[in-house]
Amino acid sequence: MTYAKPMRRLPVALFVRLALLSSLAGCAHSNPASPGSASSARARQDIARWEDQRSLGDGQLVAWAVGGEDPSVRARALRALARIQDVSTLTAVVAGLTAPAADVRDEAAFAAGELALSWEPLPETAREQLTTALIAAEAQESEGRVRASLVEALGKLGTGGAIRHLTGRMTEGSPEWRACAALALGVVARRGGAAGVREVPMAPAAQLLAAGLPEEARYAGAYLLANLRRAETLSALRTCLSDSSPDVRALCAKGVGDVGGPEDAATLGALLSRETTPRVAAEAARALAKLTASCSGPCLPLDALKGVMPSLAHVARGEAAWSHPVLAIAQLGLPGFARPLWVALRKELSGAMAHAGSEVARGDLAWLDCRVAAAMDHQTGALSEVLRCGDGRVAEPRRLALGLREVARSQGAGGADFAVALLSHPDSRVRLAALEAVAERPVPSAAEPVRALLEGTDLVEAGAAASVAGRLKDAQALPAVERLAARVAHATDLAEPVAGALVALKGKGAEPLLREWLHHPHANVRRVAADALTELTGQPVRSARVALLGETLAPTQPAGARLRFHTAKGTFDVRLDTDEAPVTSGNLLALARRGYFQGVAFHRVVPDFVAQGGDPRGDGEGGPGYSIRCEMTRRLYRRGVVGMALSGKDTGGSQFFFTHAPQPHLDGRYTAFGEVVSGMDVVDGLLEGDVMTSVEVIEPGA
């Protein structure tokens, strides 16, 4: 939820499922009924089963998607194809774009967008075919909601033809339609980089910022301008820093930080000091930090960054969301000449801790102190400040893991000799962080302890060690890597690091095993193998489609079921989409009912982006020991939406994230399956390390 990677996931075994998941009665049919003789309910039941098995039902699923007599059956078949994401179904999806029923055309447009987002990229010919079909359908579509879905799908596709078509649409029609096209182009830029939209004019987007237009239009204009990353957008971006919408102000601050200069320090500093929405202040602080990095000589942006100091008083009073401006700049980092600001900030943090009104506030300030200390160590490339940060309130393993990751990212600081001794630390979080440090800055002395971790029982560490062994070109590690490869059948998250290590250590000798993986039951293993073989051979390689016989559907969950999250900072409620995403919702409900989340922390918080939790390891690599399939829904990633964290197709488990602000580039990529309905201020105030004391299931009507 990964750009900063929203969404790293978890070691899981393929065939282990929750005991609470069971087959729906009557699903095991040997002869699927035709649309003319089977009831619609029976047909939808078959479709759900095939979707769960990632099967095309011996062609019946495609047949219903192309010509089902009942539009509801045809639409449901297209939703299944959207979730299966098989390029062989492209013709069926295209056929749905011209169906008589609007609901069918709408689902076909959604399916086209999901094909465009396939984890295993579509061949170029398929992308061009899809582009042509979507453009033709959009030009003829009269139904507003269907046309919006087609425009969204073109944004997900992001081909040259799609970009040209959307650019034309951005200059035509009502502000709402121009905004729809602008948002789609912003998604293209956000996902693929500004270079892909370098010919897109900025003037139509700037016109959408007019004060009299709806917030949705202003947001779309700001989203595109911020992601274009062009100097000529500055004038418009500066103007919208005073927009009435926090979401628009945050986007404009981000954009100014990317393309502005020292002359923008005063405006951003004023926004930082007067802002009443903490996440907008975080974007202003982050923008000033970016501008500071380009300073030479006197640095006005650095002077303006002193405006984060007053936020600490808010944190001391228990207003936890005001920790995010400091967290934002600590995560981003500052150049070495900015060290006096870090020193001054830590002094302020110490004073705020002494006067904090609660233990929770003191804990937040202590973590911020360690975050700043790690940023200081990032500047020097050596562990130092994190060894004594946090006023004794932050456990050593957390401090070391944080420091190791920050120091690993230091530029020009030599090898990670400092991390070698920590490869044998008693705490797994530290060992894993030390492996990451060695991967970033390899040193020969790490080879032997890395081999030891390769042979260990912790498969997350073993996979990371395999990756490091490949970086070290350690031929002696190859037998252990090959033994680890044999475990991929039941520990599918090992596939990516092991594949990389095999390619690095065996070269062409890795090809036979990788070709076997092209037929693995797990979609993500097949995707990893295809990517590795493409790199190894220099030729495009695609995996086979494999149906998962024996998969089971989730039992029906009550509509309106909620989860109540209890933390030391308060409670918040999440309503789940049990109808649209029954497997994903049912999985989280089942885990909560058995107390799985009790004592589990939010391990990743990125201001104005996401708060992510659900990993019992606490390092972003853990999970429940099984994986669930993706259920892409039509829910958009607006503020407060809950999504499933993934590392590839059908790799969900127990990790989830909440969005602090709209994230259009995540739409359709990660299963969105609910929203925060109360207590969003608590979500806003979460910091890394905040613990779920419990997660309670609230039945409808309770």
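All values reported here derive from a predicted model rather than from experimental measurement. (Residues numbered from 1 in each chain as written. Predicted model: local features only at pLDDT ≥ 70, side-chain atom pairs only at ≥ 80, totals over all residues. Heavy atoms only, no water.)

> Would you mind going over the sheet that holds strand β6 (residues 656-659) in detail, with residue names and values included?
In space, the 8 strands of this closed barrel follow the order β1-β2-β7-β5-β6-β4-β3-β8, with antiparallel pairing throughout. The mean angle between the axes of side-by-side strands here comes to 35 degrees, regardless of whether they run parallel or antiparallel. Here strand β5 (residues 641-644) pairs with strand β7 (residues 672-678) via 3 bridges, running antiparallel. The residue bridging G643 from the neighbouring strand is A672, located in β7. (Pairing = 2+ DSSP bridges. Helix = DSSP H or I, 4+ residues; strand = E, 2+ residues; numbered from the N terminus. Axes fitted to C-alpha atoms, helices over the stretch in contact; angles between N-to-C directions.)

> If you had to explain the state of the cysteines to someone new, which residues and values would you point to?
Applying the stated criterion across every chain yields a total of 3 disulfides. Through a disulfide, C370 is tied to C389; the S-S separation comes to 2.1 Å. Its S-S torsion of approximately 100 degrees makes the covalent link between C370 and C389 right-handed. Of this pair, C370 sits in helix α20 (residues 359-380) while C389 sits in the loop between α20 and α21 (396-408); the two residues are 19 residues apart in sequence, bridging distant segments of the chain. You can call C389 buried: its relative accessible area is 3%. Looking at C180, it has no disulfide partner, and the nearest cysteine sulfur is the one in C252, 19 Å off. (Disulfide = S-S within 2.5 Å. Buried < 20%, exposed > 50% of the residue type's maximum accessible area, 1.4 Å probe, protein only.)

> Which residues make up the packing of α20 against α21, and what are the values?
Angle between the axes and distance between the axes: these two values describe a pair of packed helices. Close contact between α20 and α21 brings their axes to 8 Å; oriented N to C, the two are set at 35 degrees. Handedness of the α20/α21 crossing: right-handed. Along its contact with α20, which presents W367, C370, R371, A374, D377 and H378, the element α21 presents R398, R399, L402, G403, E406 and V407. (Left-handed = near helix turned anticlockwise from the far one by under 90°. Contact = heavy atoms within 4.5 Å.)

> Could you give an account of the pairing of strand β1 (residues 562-567), with specific residues and numbers?
The two faces of the sheet receive side chains in turn, since in a regular strand these alternate between them. Judged from the 6 bridges that link them, β1 and strand β2 (residues 570-576) form a sheet pairing that is antiparallel. Its bridge partner lying in β2, F565 is registered against F572. In this structure, the hairpin formed by β1 and β2 is closed by a connection of 2 residues. Of the pairings in the sheet, the one linking β1 to strand β8 (residues 691-698) comprises 6 bridges and is antiparallel in character. For H566, the partnering residue across the bridge sits in β8 and is S694.

> Describe in detail the pairing of β5, supporting the description with residues and values.
On β5, burial covers both faces: V641 and G643 on one face and V642 and M644 on the other are all buried. Strand direction decides the pairing type here: β5 and β6, joined by 3 bridges, are antiparallel. Across the sheet, V642 pairs through a bridge with F658, a residue of β6.

> Explain the packing of helix α6 (residues 124-140) against helix α7 (residues 144-157) to me, using residue names and the numbers behind them.
Closest axis-to-axis distance for the α6/α7 pair is 10 Å, and the angle between their directions is 155 degrees. With respect to their mutual orientation, α6 and α7 come out roughly antiparallel. You can see that α6 and α7 cross each other, and the crossing is left-handed. Taken together, the residues of α7 that come into contact with α6 (itself represented by R127, L130, T131, L134, I135, A137 and E138) are R147, L150, V151, A153, L154 and L157. Here the residues of the contact of α6 with α7 sort into 9 nonpolar, 1 polar and 3 charged. (Parallel < 35°, antiparallel > 145°, perpendicular 65-115°, else oblique. Nonpolar A, V, L, I, M, F, W, Y, C, P; charged D, E, K, R; others polar.)

> How would you summarise the packing of aromatic side chains if you had to cite specific residues and measurements?
Counted according to the given criterion, the structure contains 14 aromatic pairs. Between W50 and W64 the ring centres are 5.8 Å apart and the planes differ by 40 degrees, which places this aromatic pair in the tilted class. With W50 in helix α1 (residues 40-53) and W64 in helix α2 (residues 60-67), the pair connects residues that are 14 residues apart, well separated along the chain. Here the two residues W50 and W64 agree in accessibility, since each one is buried. With 5.6 Å between their ring centres and 65 degrees between their planes, F656 and F658 make a pair best called edge-to-face. In this structure, F656 and F658 share a single accessibility class: buried. A network of ring pairs unites the aromatic residues F565, F572, Y596, F597, F602, F656 and F658 as a single cluster. Its end group placed over the ring of W177, R147 keeps NZ or CZ at 4.4 Å from the ring centre. In this arrangement the basic side chain of R398 is found over the ring face of W367, its NZ or CZ atom lying 3.9 Å from the centre. (Phe/Tyr/Trp six-rings, centres within 6.5 Å; stacked < 30°, edge-to-face > 60°. Lys NZ or Arg CZ within 6 Å of the ring centre and 35° of its normal.)

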